[in-house]
Amino acid sequence: MGKKIGALLKDRRRQLRMTQFDLAELAGISANTLYKIERDQANPTLAVIEKITLILGLELSLSVAKTNTNP
């Protein structure tokens, strides 16, 4: 299993040499909220994640996994 989204966002933010405060301000969220997102301690909306990924120059894609359940 790959990295969780919080770690990916944190790594990219650091690559861009952005502070949590700067990214949070651009995304319109509190620095505390971003702190929790990066540590996978928050449940942000898809809109917030989309905004953060846009700022960081990342592409967000979603897929639905098939489950092996019998009705």
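Residues numbered from 1 in each chain as written. Predicted model: local features only at pLDDT ≥ 70, side-chain atom pairs only at ≥ 80, totals over all residues. Heavy atoms only, no water.

**Concerning unusual backbone geometry**
Positive phi outside glycine occurs at Arg17, with the angle close to 55 degrees. Along the polypeptide, Arg17 turns up in the loop between helix H1 (5–15) and helix H2 (20–27). If you check the backbone angles, Asp40 has positive phi at about 55 degrees while not being a glycine. Its location among the elements puts Asp40 in the loop between helix H3 (31–38) and helix H4 (46–55). In this structure Asp40 comes out as partly exposed when scored by relative accessible area, which is 35%. (Helix = DSSP H or I, 4+ residues; strand = E, 2+ residues; numbered from the N terminus. Buried < 20%, exposed > 50% of the residue type's maximum accessible area, 1.4 Å probe, protein only.)

**Regarding the pattern of salt bridges**
Going through the model one piece at a time under the given rule, you end up with 1 salt bridge. For Arg13, the salt bridge goes to Glu38, with nearest N and O atoms at 2.6 Å. Of this pair, Arg13 sits in helix H1 while Glu38 sits in helix H3, and the two are 25 residues apart along the sequence. For Arg13, a relative accessible area of 6% corresponds to the buried category. (Salt bridge = Lys/Arg side-chain N within 4 Å of Asp/Glu carboxyl O.)

**A look at the environment of Ile49**
Take Ile49: it is sitting in helix H4. Sequence separation between Ile49 and Asp11 is 38 residues, and the spatial gap between their C-alpha atoms is 15 Å. When residues no more than four places from it in sequence are discounted, the contact partners of Ile49 are Ile5, Leu9, Ile37, Pro44 and Leu60. (Contact = heavy atoms within 4.5 Å.)

**Quick look at the nonpolar core**
Listed in full, the 11 residues of the largest apolar core are Leu9, Met18, Leu23, Ala24, Ala27, Ile29, Leu34, Ile37, Ile49, Ile52 and Leu56. Sorting the residues of this core by element identifies H2, H3 and H4 as the ones contributing at least two each. It is H2 that contributes the most residues to this core, 3 residues altogether. Leaving out residues up to four positions away in the same chain, Ile37 has contacts with Gly6, Leu9, Ile29, Ala42, Pro44, Val48, Ile49 and Ile52. (Core = buried A, V, L, I, M, F, W, Y, C linked by side-chain atoms within 4.5 Å.)

**Some points on the side chain of Lys10**
By the secondary structure assignment, Lys10 is in helix H1. One buried charge, Lys10, has no salt-bridge partner; the nearest side chain with opposite charge is Glu38, at 5.3 Å. If sequence neighbours within four positions are ignored, Lys10 has contacts with Glu38 and Arg39. (Lys, Arg positive; Asp, Glu negative; His and termini not counted.)

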